[in-house]
Amino acid sequence: MELEVRHLRALCAIADTGSLRKAARQLGMTQPSLTTQLRRIENTIGGRLFSREVTGSRPTPLGRSVLCRARPIVAEMNALVSEVRLEAGQTADARLRIGSTGSRAVVGWLRRLRDRYPDADTTIHIDVSANALLQMVAANQLDVAFVHEVEGAPLRVPEGVERRMLVEREPQFVALAETHPAAARPAVRLADLAADQWMVDPSVDGEGPGLRRVLAAAGLNPRVVYGDYLTAADLVASGEVVTPCQPTARSRQGVAVRPLHGDPLTVRLFLASRAAPAARALSPGPDLDTALPARALPPGPDLDTALPARTGAAGSAPDTALPTETATEATGPDPDTVPGAPLDVDALFGDLADAYFEIAWASSAYRQWLVRNESPLLRSHEPRARDALDILGLAGPAEVS
């Protein structure tokens, strides 16, 4: 096998993310395909480039040497393709590339963005790792990304990326079996779940450490196991585990979603974009690692998980089904792109805020929390959003006890 630029790009992605699983997501591949590709690269070079550890994949001394030469080559290739396309005068529809951690607001956000930019080719990249999305924004692989940051576990915000805060402090609820004694209460105390087994997704940045910190502060030490939120519904419904979840999560058959007393688990929600002195253009130029449409990839975590894969959804994963596709050994799409209409990040943020308020207001428990805590999100959408939602038959603030 001869080394190609796509192989060097794969090595850079593994080093940047520190994880074969996260790198595979970024490259639009399955983890087994990337693992096979890495083995072929190592066989060609004649030595191991990464060591697999509990905390992820780390470059070996040989790997660091290869990366020092690979990074400039990848950067030069990206620049070459960009310059050649501009000189050739190739044209294409403007592209808007957005990313998000799992959120039910994504569907409404996409609908608003397509209304705002009807001629743009809008793509969405879903990733449970907020840090991976921030890196993609910094690398010009995404225009904007909607992410959440667990309290007490700050994200690594790259230089040149700015944030627009949507919700400064949002509570995380808990998903538990409908037959659980605590499910009969309007709010669940952590002590009510002391004997339960908690499940967290190790791919969600900060989720595990954040939960352990909160449990320790409450003087609790329940068993915490690793799994995938996309496969958790059956386990929760059977009473095997309880999981943290977004306050906008829907209750599913056999699963109850309840607030935690005192809001011990919280996150911040913000929109990330590249900082620029002037308005950028929609799809500011080609990039070989452009974000793919939302896909469902096998979990294959780097950490050993104690739970089997199942179908269903619960916790912090999105509740809305998005288009999916299967990926084999590939390096991502390579579409022609040229500058288009100015990208108004403030307008994108406004559309996101409207979409998120719509979903939050439709959740009875979260709606009551917003009113009780006089959330800025609530104030910023009255009376315009309230009138629109009243038409849908949703209760307004005055109707909440």
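Bear in mind the structure is a predicted one, so any value in this text is a computation, not a measurement.

Quick notes on the rules
- Residues numbered from 1 in each chain as written.
- Predicted model: local features only at pLDDT ≥ 70, side-chain atom pairs only at ≥ 80, totals over all residues.
- Heavy atoms only, no water.
- Helix = DSSP H or I, 4+ residues; strand = E, 2+ residues; numbered from the N terminus.
- Buried < 20%, exposed > 50% of the residue type's maximum accessible area, 1.4 Å probe, protein only.
- Polar contact = N/O pair within 3.5 Å; in protein donor to acceptor, adjacent residues only side chain to side chain.
- Pairing = 2+ DSSP bridges.
- Axes fitted to C-alpha atoms, helices over the stretch in contact; angles between N-to-C directions.
- Expected span 1.5 Å × (residues − 1).
- Phe/Tyr/Trp six-rings, centres within 6.5 Å; stacked < 30°, edge-to-face > 60°.
- Parallel < 35°, antiparallel > 145°, perpendicular 65-115°, else oblique.
- Left-handed = near helix turned anticlockwise from the far one by under 90°.
- Contact = heavy atoms within 4.5 Å.
- Nonpolar A, V, L, I, M, F, W, Y, C, P; charged D, E, K, R; others polar.
- Salt bridge = Lys/Arg side-chain N within 4 Å of Asp/Glu carboxyl O.

Enquirer: Can you break down the side chain of Arg104 residue by residue, with the values?
Expert: As for its position among the elements, Arg104 is in the loop between β3 (95-100) and α5 (105-116). Relative accessible area serves as the criterion here: at 12%, Arg104 is assigned to the buried category. For Arg104, the side chain forms a polar contact with the main-chain oxygen of Thr248, separated by 2.6 Å.

Enquirer: I'd love a proper account of the sheet that holds strand β11 (residues 255-258), names of residues and values included.
Expert: Strand order in this open sheet of three strands is β10-β7-β11, and the pairing throughout is antiparallel. Every interior strand has two partners, whereas the edge strands, β10 (243-245) and β11, have only one. Averaged over all pairs of adjacent strands, the angle between their axes in this sheet comes to 35°, without regard to strand direction.

Enquirer: Can you tell me about α5, naming the residues and giving the values?
Expert: Look at α5: 17 Å from first C-alpha to last across 12 residues, which is about the 16 Å you get at 1.5 Å a residue. Listed in full, the buried residues belonging to α5 are Ala105, Val106, Gly108, Trp109, Leu110, Arg112 and Leu113.

Enquirer: Describe helix α1 (residues 5-17), naming the residues involved and giving the relevant values.
Expert: For α1, with 13 residues, the first-to-last C-alpha span of 18 Å sits near the 18 Å given by 1.5 Å per residue. Along α1, the residues classified as buried are His7, Leu8, Arg9, Ala10, Leu11, Cys12, Ala13, Ile14 and Thr17.

Enquirer: Outline the packing of aromatic side chains, listing residues and values.
Expert: Enumeration according to the criterion identifies five aromatic pairs in this entry. A centroid spacing of 6.0 Å and a plane angle of 75° characterise the contact between Phe146 and Tyr356, whose relative ring orientation is edge-to-face. Separated by 210 residues along the polypeptide, Phe146 in strand β5 (residues 144-150) and Tyr356 in helix α9 (residues 345-362) bring together distant segments of the chain. Judged by centre distance (5.4 Å) and plane angle (20°), the rings of Phe357 and Trp361 are stacked.

Enquirer: Would you mind going over the packing of α1 against helix α3 (residues 31-45) in detail, with residue names and values included?
Expert: Their axes nearest at 11 Å, the elements α1 and α3 cross at an angle of 110°. When the axis of α1 is compared with that of α3, the two are roughly perpendicular. Judged by the twist between their axes, the crossing of α1 over α3 is left-handed. Listed contacts from α3 to Arg6, His7, Ala10, Leu11 and Ile14 of α1 are Leu34, Gln37, Leu38 and Ile41. Of the residues in the contact of α1 with α3, the class split is six nonpolar, two polar and one charged.

Enquirer: Tell me what's going on with unusual backbone geometry, and back it up with residues and numbers.
Expert: Leave glycine aside and you will find that most residues have negative phi; peptide bonds, for their part, are mostly trans. One non-glycine residue, Asn140, lies in the positive phi region at around 65°. The residue Asn140 is located in the loop between α6 (130-138) and β5 in this model. The phi dihedral of Asp263 is positive, around 50°, even though this residue is not glycine. The residue Asp263 is located in the loop between β11 and β12 (266-274) in this model. In this structure Asp263 comes out as buried when scored by relative accessible area, which is 13%.

Enquirer: Describe the pattern of salt bridges, naming the residues involved and giving the relevant values.
Expert: Under the criterion given, the structure shown has 16 salt bridges. Glu358 is paired through a salt bridge with Arg112; the nearest N and O atoms lie 3.5 Å apart. With Glu358 in helix α9 and Arg112 in helix α5, this residue pair connects regions lying 246 residues apart in the sequence. Owing to a relative accessible area of 25%, Glu358 belongs among the partly exposed residues under this scheme. Residue Glu168 pairs with Arg268 through a salt bridge whose shortest N-O separation is 3.3 Å. Linking Glu168 in strand β6 (residues 161-171) with Arg268 in strand β12, this pair joins segments that are 100 residues apart in sequence. Overall, the relative accessible area of 48% leaves Glu168 in the partly exposed class. With a relative accessible area of 23%, Arg268 lands in the partly exposed category. Within the structure, one salt-bridge network assembled from shared partners comprises Glu149, Arg163, Glu168 and Arg268.

So far we have only geometry, and geometry alone does not tell us how the molecule works.
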